[in-house]
Amino acid sequence: MFSFFKKKPVVPETPPAAAPAPTPTAPPAAVPPVAAPPAAELQPGSQPISAPVPAAEPLLAVEEPAPRQSWISRLKAGLSKTSANLSILFVGAKIDDDLYDELEAALLMADAGVDATQYLLDALKRKVKEDKLLDAAAVKAALRTLMIDLLTPLQRPFELGRHQPLVMMISGVNGAGKTTTIGKLAKHMQSHGQSVLLAAGDTFRAAAREQLMVWGQRNNVTVISQASGDPAAVSFDAVQSGKARGIDVVMVDTAGRLPTQLHLMEELKKVKRVIGKGMEGAPHETLLVIDGNTGQNALAQVKAFDDALQLTGLVITKLDGTAKGGVLAAIARVRPVPVYFIGIGEKIEDLQPFVAADFVEALLG
Ligand SMILES: Nc1nc2c(ncn2[C@@H]2O[C@H](COP(=O)(O)OP(=O)(O)OP(=O)(O)O)[C@@H](O)[C@H]2O)c(=O)[nH]1
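Residues numbered from 1 in each chain as written. Predicted model: local features only at pLDDT ≥ 70, side-chain atom pairs only at ≥ 80, totals over all residues.

Per an unreviewed UniProt entry, the chain goes by the name Signal recognition particle receptor FtsY and belongs to Rugamonas apoptosis. Under the UniProt heading Catalytic activity (unreviewed entry), the note attached to the chain is "GTP + H2O = GDP + phosphate + H(+)". (UniProt positions renumbered as here; feature names shortened; annotations may be inferred.)

Laid out in structure tokens, this is it:
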């Protein structure tokens, strides 16, 4: 069921003739780095220059088919705490102030935040009055419609083939799931016929770089990496290399950071600027990966990273844990950055495009 929206292939902005495509047996011609030590490129089957291949944990578990029903039922399982709290309210309930009070508490508990909770309550009360709704099932149905209307503007298909390469920069706080998400996206994109190149821009945590390199090696994805140094330079190299080889998608991983670490947020801005020097208009997608368990703090992260980077999209991971899911309503109200994908686990099929109606179905039960 995983699908990307594909544009007609575009003419490469830089002809691939600038550097010949590498053969699987020989290391590729290095693209000269700018103001940085040369990048190490890991080709499938080759060894990284900077570090021995460790017995790193795989980024992803083995792929299995993901029929739509299976995905929805697992999403429901992930959000079952919230759906249990919300749906019980409507069982044999009278439509009165008590119901609205309980609904308010349940929405707040679900991380929807004050603004979205108030908005939904006001809209629901209006609807109940206008349509003269008398029974709880009809009120629940009205709430479902309001929530779908609220979340639908966040739903946006991820469009491939707009640029060659399509350059994506991926940011987020530590452990949000950036590297895992990149691995999943790379596999999905490959299955849609896209060639993918990764930039190991997390130069801070050596294990992250090695994990990405090992994963790239196993999955036929080129990884541009440096043993030490400037994440902006690695990203620049990756964009140059992607252009020269006629790659379809370049994904730039970045080190996790908190929005309060201002110098690290400045570094992120620099990475973005330098990517733009490597290719005009890039990055074409600036994504923030959010751990769905972080509750209302997720909203603070969206605001801070959006202020710094002008985000084009979000990926919400770990909606399979203790996540309550309501934070999407808060995002929709306060900072409506599109949610391209949501994640409910570590396997490749556990990352899927965000579909508002499915999400609300899981949330409301
Ligand atoms: N349950 C669950 N675990 C996930 C999901 N996505 C990622 N993880 C796990 O979260 C942990 C952190 O993921 P990473 O991809 O390493 O996170 P990161 O943001 O790259 O981390 P840093 O590089 O340290 O900032 C790993 O154990 C992943 O397997 C998800 O959707 N559900």
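This is not the end of the story, as more comes after the structure.
Asks: Any chance you could explain the overall build of the chain here in plain terms?
Replies: Along its length, the chain carries 12 helices and 11 strands. Put simply, the chain has 365 residues, and 46% of those count as buried. Across the chain, contacts joining residues at least 24 apart in sequence account for 78% of those joining residues at least 6 apart. (Helix = DSSP H or I, 4+ residues; strand = E, 2+ residues; numbered from the N terminus. Buried ≥ 20, exposed ≤ 12 C-beta atoms within 10 Å, placed from the backbone. Contact = placed C-beta atoms within 7 Å.)

Asks: Please clarify how the domain arrangement of the chain should be interpreted in this entry.
Replies: It is common to give the size of an interface as the accessible area that goes away when the parts come together. Entries for the chain in the domain assignment read domain 1 (38–44 + 160–356) and domain 2 (68–154). On a C-alpha basis, the centroid separation for the pair domain 1 and domain 2 is 32 Å. Opposite the 24 residues of domain 1 that make contact, domain 2 presents 22 residues. At eight residues, the largest contribution of residues to the side of domain 1 that touches domain 2 is made by helix α11 (residues 327–334). (Domains from an automatic or database assignment.)

Asks: Just checking my understanding: could you explain the UniProt feature "domain: SRP54-type proteins GTP-binding" (unreviewed entry) in the chain for this structure?
Replies: UniProt records the feature "domain: SRP54-type proteins GTP-binding" (unreviewed entry) for residues 338–351 in the present numbering. Spanning residues 338–351, this segment combines 0% helix with 43% strand, and its end C-alpha atoms are found 16 Å apart.

Asks: Got a minute to help me understand the pairing of strand β9 (residues 313–317) in this structure?
Replies: For a regular strand, the rule is simple: side chains alternate between the two faces of the sheet. Counting buried positions over the five residues of β9 gives four, a clear majority of the element. Relative to β9, strand β8 (residues 285–291) runs parallel, the two being bridged by five bridges. The partner of aspartate 291 across the bridge, within β9, is threonine 317. Where β9 lies against strand β10 (residues 339–343), three bridges are found, and the strand directions are parallel. Opposite valine 315, over in β10, you have phenylalanine 341 as the bridge partner. Remark: the β9/α11/β10 crossover connection has right-handed handedness. (Pairing = 2+ DSSP bridges. Right-handed = clockwise from strand over helix to strand, strands pointing away.)

Asks: Which parts of the structure should I look at to understand the site of the ligand?
Replies: Around the ligand, 21 residues are found, and the nearest of them are Gly177, Thr179, Thr180, Gly256 and Gly343. With three residues, the top contributor of residues to the shell around the ligand is helix α6 (residues 178–191). In terms of residue class, the shell around the ligand is built from three nonpolar, 11 polar and seven charged. (Near = placed C-beta within 6 Å. Nonpolar A, V, L, I, M, F, W, Y, C, P; charged D, E, K, R; others polar.)

Asks: Teacher, can you tell me more about the packing of helix α3 (residues 97–109) against helix α4 (residues 113–130) here?
Replies: In contact at an axis separation of 10 Å, α3 and α4 are set at 150° when each is read in the N-to-C sense. As summarised for this structure, α3 and α4 are arranged roughly antiparallel, according to the angle between their axes. When the axes of α3 and α4 are compared, the crossing they make is right-handed. Of the residues in α4, those touching α3 at Tyr100, Leu103, Glu104, Leu107 and Leu108 are Thr117, Leu120, Leu121 and Lys125. A per-class count over the contact of α3 with α4 returns six nonpolar, one polar and two charged. (Axes fitted to C-alpha atoms, helices over the stretch in contact; angles between N-to-C directions. Parallel < 35°, antiparallel > 145°, perpendicular 65-115°, else oblique. Left-handed = near helix turned anticlockwise from the far one by under 90°.)

Asks: Is there a simple way to explain the nonpolar core in this structure?
Replies: If you look at soluble globular proteins, the nonpolar side chains tend to sit buried side by side. Leu198, Val250, Met251, Leu314 and Leu328 are the most contacted members of the largest nonpolar core, which totals 96 residues. The two domains that each donate at least three residues to this core are domain 1 (38–44 + 160–356) and domain 2 (68–154). Setting aside residues no more than four positions away along its own chain, valine 250 makes contact with Pro165, Val167, Leu197, Ala199, Ala238, Val239 and Gly242. (Core = buried A, V, L, I, M, F, W, Y, C linked by C-beta atoms within 7 Å.)

Asks: What is the right way to read the packing of helix α2 (residues 80–89) against helix α12 (residues 356–364) from this model?
Replies: To describe two helices that pack against each other, one gives the angle between their axes and the distance between the axes. Orientation of α2 relative to α12, taken along the N-to-C sense of each, is 70°, at an axis distance of 6 Å. Taken as axis vectors, α2 and α12 run roughly perpendicular relative to one another. Here α2 contributes Thr82, Ser83, Leu86 and Ser87 to the contact with α12, which in turn contributes Ala362, Leu363 and Leu364. Looking at the contact of α2 with α12, its residues break down into four nonpolar, three polar and no charged.

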